[in-house]
Amino acid sequence: MSQDDLKRLAAKAALEYFEGGVIGVGTGSTVNHFIDFLAGVKGKIEGAVSSSEASTKLLKSHNIPVLDLNATAELDLYVDGADESNHQLHLVKGGGGALTREKIIAGASKTFVCIADGSKLVDTLGSFPLPVEVIPMARSHVARQLVKLDGTPIWRENFVTDNGNLILDVHNLQIEDPIKLEQQINNITGVVTNGLFALRPADVLLLGTEEGVKTVK
Ligand code: 5RP
């Protein structure tokens, strides 16, 4: 099976967690499969809270109503992908640059189901460069602070987030304490948020593998 087949497998398995009502929807190629599956159970959906303009567009193309998070109660379920997960379900996210809205919706949801192909499960986070969303005028200042944390920040050029900000991708990190590093980076003035989802990890990880879907809790 291709990596995309494995993503589709995990996405399909996440449907079982959806009992109806309003759902939070992440961003990325794995989530795109999930949105396509959601279209097949449209009768159960009151609406979706979307984490990006890209997901909004796909949801709307399936005539799934997109709701403002401010107009909903706490969500029962959020489904999103990841760039890396460790065994505690601490994640690195933001490869698609949607990390801030993703983190907001994850925080506003009772259950966060993460969907990914099996290659995303790692022992130690950090091989995938950690995305950090920054206010444009703070880019160089934040980059200097990230170097002090032993990272190598690279500006994701020609990319602007849905919030009008920039992304620094931090290479060469061995993230032994994800909760501590998430807090340290978020404390740098000018950082909107970073792609570590450790303070609010996933609750369930569904991994598409050659042997079927593996569930990690
Ligand atoms: C976007 C994300 C995605 O969930 C992450 O990049 C995984 O993407 P894909 O499903 O395409 O592998 O965090 O900001």
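In what follows, the structure referred to is the one given above.
Residues numbered from 1 in each chain as written. Predicted model: local features only at pLDDT ≥ 70, side-chain atom pairs only at ≥ 80, totals over all residues. Heavy atoms only, no water.

Caption draft 1: Structural view of the overall build of the protein chain. When you go through the protein chain residue by residue, the secondary structure sums to six helices and 13 strands. Relative to a compact globule of 217 residues, whose C-alpha radius of gyration would be 17 Å, the protein chain shows 17 Å and is just as compact. Each of the three principal axes of the protein chain carries a C-alpha extent, and together these read 50 × 40 × 30 Å. Within the protein chain, buried positions represent 53% of all 217 residues. In the structure as shown, the protein chain presents an accessible area of about 9,800 Å², 50% of it carried by carbon and sulfur atoms. Put simply, the protein chain has 20 plus and 27 minus side-chain charges, and the middle of one group is 3 Å from the middle of the other. (Helix = DSSP H or I, 4+ residues; strand = E, 2+ residues; numbered from the N terminus. Rg over C-alpha atoms; globule rule 2.2 N^0.38 Å. Buried < 20%, exposed > 50% of the residue type's maximum accessible area, 1.4 Å probe, protein only. Areas by Shrake-Rupley, 256 points an atom, 1.4 Å probe, with all protein chains shown as cover. Lys, Arg positive; Asp, Glu negative; His and termini not counted. Charge placed at Lys NZ, Arg CZ, Asp CG, Glu CD.)

Caption draft 2: Structural view of the site of the ligand. Around the ligand sit 17 residues in total, of which Ser29, Thr30, Asp83, Gly94 and Lys120 are the nearest. Between the ligand and the protein, one listed contact pairs an oxygen atom with a backbone N or O atom of Gly94 at 2.8 Å. Its free accessible area being 380 Å², the ligand has 92% of it covered by the protein chains. When grouped by side-chain class, the residues that make up the shell around the ligand number two nonpolar, nine polar and six charged. (Near = heavy atom within 4 Å. Polar contact = N/O pair within 3.5 Å; in protein donor to acceptor, adjacent residues only side chain to side chain. Nonpolar A, V, L, I, M, F, W, Y, C, P; charged D, E, K, R; others polar.)

Caption draft 3: Molecular detail of the environment of His90. Relative to the elements of secondary structure, His90 occurs in the loop between β4 (84–85) and β5 (91–92). Assessed through its relative accessible area of 12%, His90 is described here as buried. With 109 residues separating them along the chain, His90 and Leu199 place their C-alpha atoms 8.0 Å apart.

Caption draft 4: Representation of the packing of aromatic side chains in the model. Tallied over the full model, the rule gives two aromatic pairs. Residues Tyr78 and Phe112 carry aromatic rings whose centres are separated by 5.1 Å and whose planes lie at 50° to one another, so their mutual orientation is tilted. Placement of the pair is Tyr78 in strand β3 (residues 75–80) and Phe112 in strand β6 (residues 109–117), with a sequence separation of 34 residues. Grouping residues by exposure puts Tyr78 and Phe112 together as buried. A cation sits over an aromatic face here: Lys93 above Phe197, 5.6 Å from the ring centre. Here the basic side chain of Arg139 rests over the ring of Trp155, its NZ or CZ set 3.7 Å away from the ring centre. (Phe/Tyr/Trp six-rings, centres within 6.5 Å; stacked < 30°, edge-to-face > 60°. Lys NZ or Arg CZ within 6 Å of the ring centre and 35° of its normal.)

Caption draft 5: How the structure looks around the packing of helix α1 (residues 3–14) against helix α2 (residues 29–39). One way to put it is that α1 packs onto α2 with a least axis distance of 8 Å and a crossing angle of 50°. Classified by the interaxial angle, the pair formed by α1 and α2 is oblique. Seen along the crossing, α1 lies across α2 with a hand that is right-handed. Together, Asp4, Lys7, Arg8, Ala11, Lys12 and Ala14 of α1 and Ser29, Thr30, His33, Phe34 and Phe37 of α2 make up the contact between the two elements. (Axes fitted to C-alpha atoms, helices over the stretch in contact; angles between N-to-C directions. Parallel < 35°, antiparallel > 145°, perpendicular 65-115°, else oblique. Left-handed = near helix turned anticlockwise from the far one by under 90°. Contact = heavy atoms within 4.5 Å.)

Caption draft 6: Broad picture of the sheet that holds strand β9 (residues 166–171). Pairing in this open sheet of four strands is antiparallel, and the strands run β8-β9-β7-β10 from one edge to the other. The open sheet has two edge strands with one neighbour each: β8 (152–155) and β10 (191–194). Ignoring strand direction, the axes of neighbouring strands in this sheet form an average angle of 30°. Note that strand β7 (residues 130–134) and β9 share five bridges and pair antiparallel. Residue pairing across strands places Val132 opposite Leu168, the latter belonging to β9. The sheet strands contacting helix α4 (residues 99–107) are β7, β9 and β10, and the helix crosses β10 at an angle near 65°. The sheet strands contacting helix α5 (residues 139–148) are β7, β8, β9 and β10, and the helix crosses β9 at an angle near 15°. (Pairing = 2+ DSSP bridges.)

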